[in-house]
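Results of the structural survey
Below, each chain spelled out in residue letters.
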Amino acid sequence: MFRAGSFVAEQLGPVAPSQKQPNGVDLTVESIYTQESPGRIQTDGKKVGERSEVSLTDGMYSLAPGGYVARYTETVRIPEGHIGFVYPRSTLMRNSCMLHTAVWDAGYEGKGEGLLEVHHPIEIEPGARIAQLVLAAANHDGAYDGSYQGERIDGQ
Ligand SMILES: O=c1ccn([C@H]2C[C@H](O)[C@@H](COP(=O)(O)OP(=O)(O)OP(=O)(O)O)O2)c(=O)[nH]1
C-alpha cells in the first residue's frame, strides 16, 4: 500500500506547503552536473565518474539536450517497512524531459541523485520542484547499509 503524502512529509522534516502532494512530497533540485569521466561497474566494486556543476545563466540552469545528474535538496529517509520511488514532476515530462531513478531502500538516509534526461532545451531554477517521492509499505531483508548511506548530510 502506498502511504499518504502527509506520511511521506513526516519522514523528510520541514517541507514547504507547495511540496506536499496527495500521494507524496515534491523534491527540489539543489544542483545539476554533467559527467566528465567514465564510471565503472565491476563484479566486485564500482566507481562514479567525475562531474562538473552546470553554470547558472541569470540564476537558471539552462540545459541543452543531453543527460545530467540532478541532486535533490531534501534529506530523504526511507523508514523501516517501506520502499521509496521517485517520479518526475509531470511538468518536467510535459516539457520533453525525464528523471530516471532507482530503488530507494528501507533505511537509506541522504541527499540522493537522479538522471535528468533533456530532450528539448529547458530552464530550471535551483530550488525548483522537479520530482516527487512516494513511499510504499514493503517487506525487506535488513536495511540499507551501502556506500551511499548518509551521503551529503552532516557535512559528508
Ligand atoms: O534514483 C535514486 C534511487 C536511489 N537513490 C539512493 C537511495 C538508495 O537506497 C541508494 C542506493 O541505491 P542502490 O542500492 O541502487 O545503489 P548501488 O549502486 O547498488 O550501490 P550500493 O551497493 O553501494 O548501495 O541510493 C538515489 O539517490 N537515487
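Residues numbered from 1 in each chain as written. Predicted model: local features only at pLDDT ≥ 70, side-chain atom pairs only at ≥ 80, totals over all residues. Heavy atoms only, no water.

**Topic: the overall build of the protein chain**
The line we're drawing: Helix and strand assignments follow DSSP, with helices taken as H or I runs no shorter than four residues and strands as E runs no shorter than two, numbered in order from the N terminus. The globule rule is 2.2 Å times the number of residues to the power 0.38, and the radius of gyration it is compared with is taken over C-alpha atoms. Whether two residues touch is decided by their heavy atoms; if any such pair falls within 4.5 Å, the residues are in contact. His residues and chain termini do not enter the charge count, which takes Lys and Arg as positive and Asp and Glu as negative. The atom standing in for a charge is NZ when the residue is Lys, CZ when it is Arg, CG when it is Asp and CD when it is Glu.
Across its full length, the protein chain carries two helices and 14 strands. Its C-alpha radius of gyration of 16 Å places the protein chain within 12% of the 15 Å reference for a compact globule of 156 residues. Along the first, second and third principal axes, the C-alpha set of the protein chain runs to 40 × 40 × 30 Å. In the protein chain, once contacts between residues fewer than 6 apart in sequence are set aside, the share between residues at least 24 apart is 72%. For the protein chain, the separation between the mean place of its 13 positive charges and that of its 20 negative charges on side chains is 2 Å.

**A word on the site of the ligand**
Rule in force here: Here a residue is considered near a molecule or strand provided that any single heavy atom belonging to it is located within 4 Å of it. A 3.5 Å cut-off defines polar contacts: any pair of N or O atoms within that distance qualifies, except that in protein one atom must be a possible hydrogen donor and the other a possible acceptor, and neighbouring residues in sequence count only when both atoms are side-chain atoms. Each accessible area value is a Shrake-Rupley result obtained with a 1.4 Å probe; residue values ignore everything except the protein chains displayed when judging cover. Amino acids outside the nonpolar list (Ala, Val, Leu, Ile, Met, Phe, Trp, Tyr, Cys, Pro) and the charged list (Asp, Glu, Lys, Arg) are all regarded as polar, and Gly is one of them.
Residues in contact with the ligand amount to 14 residues; listed here are only the nearest, A102, D105, E113, Y144 and S147. A distance of 2.6 Å separates an oxygen atom of the ligand from a polar atom in the side chain of S147. When the ligand sits alone it has 590 Å² of accessible area, and the protein chains cover 72% of it. For the shell around the ligand, a count of residues per class yields six nonpolar, four polar and four charged.

**Side note on the environment of G49**
Note the threshold: Burial status follows relative accessibility: with a 1.4 Å probe on protein chains alone, a residue under 20% of its type maximum counts as buried, one over 50% as exposed, and anything between as partly exposed.
Following the sequence through the fold, G49 ends up in the loop between strand 3 (45–47) and strand 4 (51–53). The exposure class assigned to G49 is buried, which follows from its relative accessible area of 5%. In this structure, the C-alpha to C-alpha distance between G49 and D105, residues 56 residues apart in sequence, is 23 Å.

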